[in-house]
Amino acid sequence: MQQDEQVTFPPSHLRSLGGLLRWHRLRLGLSQEALAEAIGVSARSIGRWEQNLALPQEIFRERLGQLFGMNLQHFLAVSAIQKPEPPLPSLPAWTVDLLPASSQPGILLLKSKLCPPQLPCTLVRRECLLTQLDAACEHQLIVLCAAAGWGKTTLLSSWATRYPRPIAWVSLNELDSDPNRFWGLVIAALKRCGSYLPTVGETALAMLHSSQPPTLTTVLTALIQEMEDTVAEAQAILILDDYQVIEDPTIHESLLFLLEHLPASLHLVLSSRIAPALPLSRWRLSGQVLELHDAELRFTPEEARRFLQEAMGCSLTQEEVQLLQERTEGWIAGLQLAALAMRGRQDRSAFVKTFGGGHRLLLDYVQEEIFQRQPLHLQHFLLQTAVLTQMNAAVCQAITGEQTSQLLLEAMERAHLFVVALDEERHWYRFHCLFREALLARLHASQPEQVPLLHQRAAHWYEEQGDIHEAMAHALAAADYHFAVSLIERAAERLWMNGGAKTVQNWVKQLPDAVLRAHALLALTAALHLLDQTQYAPPAQRAEGLAQVEQTIARVENLLKSQEGIVVQSGTDQARLQAEELLLRQRIRLLYGLNATREAYLQGNKVQLHLTAQRMQEEVLEDDVTWMMIPTFSLLVSFAFHGDVNAALPRLLEMKQRACQAQHRFATFRTMFWVTVVHLASGQLHQAYQECLQALEMLKQQREQVPAVGYLYLELAALHWMWNQLEEAHTCLCTVIDYARTWQNTDLLLLAYCRTVQVLLAAGKSAEAEQTLEEAERLAQHSGFVLHRPRVRAARVQLWLAQGNLAAAGAWASNYELTPDALEYIREPEYKMLVCVYLAQQQYRQAQQLLMLLLPSAQGDGRGGDVVSLLALQVVALQASGEVAQARQVAAHLLSLTEPEGYLRVYLDAGEPMQQVLQSLLESWCDQQHSSAVTVSYLTQLVAAFT
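Per an unreviewed UniProt entry, the protein carries the name HTH cro/C1-type domain-containing protein and comes from Reticulibacter mediterranei.

Structural data, given as C-alpha cells:
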C-alpha cells in the first residue's frame, strides 16, 4: 500500500517526531521498506515510528539524520522535546495496577520488588556457581530449583551485582499470581533494565490495562516485537525470584509462550522451590536450559567453614565444621540456624554432636533456641510483624505501635535474625520464609486473638497508601469482610477500566454467603464486567469466564431462594428487600440475555438476536447505567443485522446522557462509539466526525485505551474516504491495520482490509489493492467470520470491475442467488456490486429493478449513507439508458442530500455518466437566477473533482 507516497506537506505542520520522519521519507521518494533496508531495521519498525508508537534508538536516529541531511542535534532535540503524540490515546500509567505511585512508601515497595535484595554481611562468595551463571547467554532458560534456605535468592543477587549485562529483576509473592499484575511487573522490570529499554512494553501494558484486554499471547506478541525492534544487539537477563508462588495456570501457559518465542537478546532465570510447570525435559535434550538444584547449591565443606567461622563468627574446629556440614547436608539455612543457636553456649562441641539437621527439627530450634533468647519486646515485635510478607518501619509501627521500628529492623538485620533488606536505603525488609513460618506458627498457637487484629491494622495502613492488593489480602486474612467490600467498591471501577475484572471477581468469590447476600448487586456487576472482558477471548478463556459468571449467578440465586418465606417485621425493610430482589433477578436475566446476544451474533442467527433483544426490552426497572446499557446494546446489534440502526439512536443518546451524568467513563465512551456508528450509517457525516473526535480526545485526556479505539479510526477512515480525502483515509487505515495486527483482532483487520481496497482502487493502485484483498480473503476463509464474507466477496467484484475483468464479474453475477422477497441487510455490499456488474454489462433494466428493491428498505430504515450510494447508482443507470431527464431529477435530489454533509467520493466512483449529469445540471443551474449559490458552488466542486 503506497497511496501515501504521493502526498507531501510542509514541516511547519508537523506536531510529532513520527510526522517528521514520514515527511522526510516521502520527500526522498522512499517506501517504508526501502528506508528500513537503508538503515538496517524492519519495515514494521519504520511504521511504528511514523505512527508514534515507538521511538527509534539513538543509533538509528543518527542514521536517519545522516540519510535525511539533518542536523543531528536538531533531530535529537525533536525526539526529546516532541514526545510522541500517538494517533491512539495516551497509554495509562503502568504503575496504576501494580503498586501505589502516589505515595512514597508505595514507590519504595515497588522499587524493592524490581531490585535484587541487598547482599547480607554474611555473604560467602561462590565462584564456581557464579561462573556457571555467567554462561547465561548460552542458554534460553536457567532454573534454580530447591527448597527454602538453599541460598537461591542470595546467589542470584550476588551474581546480579557482578554480571556485566543489564538485568531485570522481579521478586514475586502470592499477590502476583494474577496475569495482569504478573506481566505488569515483568514489563516494569524490563523498563528499568538499562537506558535502551524505557519504551519497551508500552503497547503490551496498554493491552493489559484495557477494559477488554486481548489474550495474553497477543499481549506477549506485542512485547516480543517491541523487544526485537528495540534491543537488537544487547543481551538482557530477566530474573523471576520465588516463582513457586505463581499458581495461576494462565501465567504458566503465557510464560511458556514467551519462552517459545523468546527474542535472542533476552534470557530468563527462574528461582523456585518446586519445579516450574514447563517442559524442562524437552529443553534439556536441546541444551536450552541450565538447572541448578540442591545438590549444586549446597555448601561445600570449605564454604561451610568460611560461613561459620568468618561470616557468623563461630569458634569451631575443622572437625566440628565438617560434622555440621554433614548433618545439614550443606543446607545453608540449617547452618545459619545452628550458628544462631550456638550463641552464648559454652558447650559448643556437645551441641554440634547432638545437632539434627532436619527441616522440622530446625523449626523447633527457631522457637526454642533463637526466639526465646531474644529480649521480650523484640519477641513481641517479631511475632506481630510475622503477618507481613514485606515490611518497613511505618507499617511495623502501624500494627505494633512500636515507635522504634526502624531501629529494631536494623538491629534484627545486624543480628542475622533471618531478615533480608530489600533496598539500598534499607527501608523495606522481609523475613526468611522459614523464620516467618515458625513465627506465624507460634503466633497462631500463643495469641490467636491477635492475628485478625494485626491483619486489620495492616489492611488499613496499605489502604491509606493506596495499595489495594495488599490491603485486600490483609482484610480477607482478617475476615474483615465489611472493610474488604468497601475496598472493592472504591477500587472496582478503576480496575474494570484497566483489565482487572478477573481480580475483582476473585475477591468477590472469597466473600462468605452472608456478606455476599448483602452485596449481591456488587457481585453481579463484577460478573458482568468479567463477561464483558472475556467476550473476545479464546474459547477456553471465554468458557472459564462464563463458568465463573454462572457460579456467581448460582450463588445469588441460592441465597435468594433461602430467603424465601422469611418475613421482616418492618414494612419498610420488607419493601426494600423485595425491591432489591426484583433488581437482582432482573440483573440475572440481563446477564443471561447479554450472553445469548453475543452467542447469536457470533453464529449469525438474526432470528435469535431479534427474539433476545425483544425480551430484554421488557426489563423496565431503573438501574445503574452499566446495566441499562445492556438492553440498548442488544437492540443495537439486532437493528444492525436488519439495517435499522438509526432506530437505536434515541436510546443511545439517552444512555450517553446518563453515563455522562453518572461520570461513568467507560459507559460514556462506549455510547459515544455507538453514536458515531449510527450517525455514519444514517449519513450524518459531520456529526459522526465530531462524535468520533470527541471520543478519542476523551480517552487521550483520561489516558485510557480500550479495544474500540481501532474501530473509531476505522470510522474516521470511512469519513475521510467519503470526503475524498484519500491520504487521510489511508493514514487512518494504516493505524487501524497496525492496531488490529498488534491486538490480533481479526474482525477489525478484515474490515480495515476491505476499506483499504476501496481507497487503493480510488487512488488507481490496482496491484496493491489485489494484494490487500488476497490477504483479506485468506483471513476470512480461516477465521470463521461468516458475517464479513459478503463484504470480502463484494471487494473482489469491485476489483474485477476496476481491472476491466468483466468476464469474471459477469460469471459471479450469473451464479449469484438473489431472492428478491428475502433480501438480507448483511449482504447489501454484494447487492450493490451486483448492480455495478449489471451497469457494466449494460443491463440497465436489471440494475434499476434491483435498485428499486434496495432503496425503499434503506430509506425506511433511515440508512442515509446507503440511500446516497444507491441513488448515485440510479443516476448512472438512468443516464446510461437514455432517461436523461429522470437522471437529472434523481441527481438533484441526491445533491440536496449530500451537500450538507460534503459527500464527494460517491460521485467520483459513479464515473462518466455521473459527470455528464452533473455538468448538465451545472450549466442549467448557472443560468437560473433562483438557483442557490451554495448549490452551484458545491456542483462546481464536484465537476472540478472529475478533472
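Engineer: Please provide a residue-by-residue account of the packing of helix H41 (residues 789-803) against helix H43 (residues 828-840), values included.
Structural biologist: Taken N-terminus to C-terminus, the directions of H41 and H43 make an angle of 20°; their axes are 8 Å apart at the nearest point. Relative to H43, the element H41 lies roughly parallel. You can see that H41 and H43 cross each other, and the crossing is left-handed. From H41, Pro-790, Arg-791, Arg-793, Ala-794, Val-797, Gln-798 and Leu-801 reach across to H43, where they touch Pro-829, Glu-830, Met-833, Cys-836, Val-837 and Ala-840.

Engineer: Please provide a residue-by-residue account of the pairing of strand S4 (residues 266-272), values included.
Structural biologist: The element S4 is largely enclosed, with a buried count of seven among its seven residues. Residues of S4 alternate between two faces, with Leu-266, Leu-268, Leu-270 and Ser-272 on one and His-267, Val-269 and Ser-271 on the opposite face, all of them buried. Taken together, the five bridges between strand S1 (residues 141-145) and S4 define a ladder with parallel strand orientation. Bridged to Cys-145 within S4 is Ser-272. In this view, the connection linking strand S3 (residues 236-241) to its parallel neighbour S4 by way of helix H12 (residues 249-260) has right-handed handedness.

Engineer: Give me the lowdown on the sheet that holds S4, citing residues and values where you can.
Structural biologist: Backbone-to-backbone hydrogen bonds join strands into a sheet, with any given pair of strands oriented parallel or antiparallel. Read from one edge to the other, the open sheet built from five strands follows the order S2-S3-S4-S1-S5, with strand pairing classed as parallel. Both outer strands of the open sheet, strand S2 (167-171) and strand S5 (289-292), are each paired with one neighbouring strand and no more. Strand-to-strand twist in this sheet, taken as the mean axis angle between neighbours without regard to direction, amounts to 15°. As judged from the five bridges shared by S2 and S3, these two strands associate in the parallel manner. Paired with Trp-169 across the strands is Ile-239, a residue of S3.

Engineer: Requested: an account of the pairing of S5, with residues and values cited.
Structural biologist: Judged by which residues are buried, S5 turns out to be covered on both faces: Val-289 and Glu-291 on one side and Leu-290 and Leu-292 on the other are all buried. One ladder, built from four bridges, connects S1 with S5; its direction is parallel. Residue pairing for S5: Leu-144 is matched across the bridge by Leu-292.

What counts and what doesn't
- Residues numbered from 1 in each chain as written.
- Predicted model: local features only at pLDDT ≥ 70, side-chain atom pairs only at ≥ 80, totals over all residues.
- Heavy atoms only, no water.
- Axes fitted to C-alpha atoms, helices over the stretch in contact; angles between N-to-C directions.
- Helix = DSSP H or I, 4+ residues; strand = E, 2+ residues; numbered from the N terminus.
- Parallel < 35°, antiparallel > 145°, perpendicular 65-115°, else oblique.
- Left-handed = near helix turned anticlockwise from the far one by under 90°.
- Contact = heavy atoms within 4.5 Å.
- Buried < 20%, exposed > 50% of the residue type's maximum accessible area, 1.4 Å probe, protein only.
- Pairing = 2+ DSSP bridges.
- Right-handed = clockwise from strand over helix to strand, strands pointing away.

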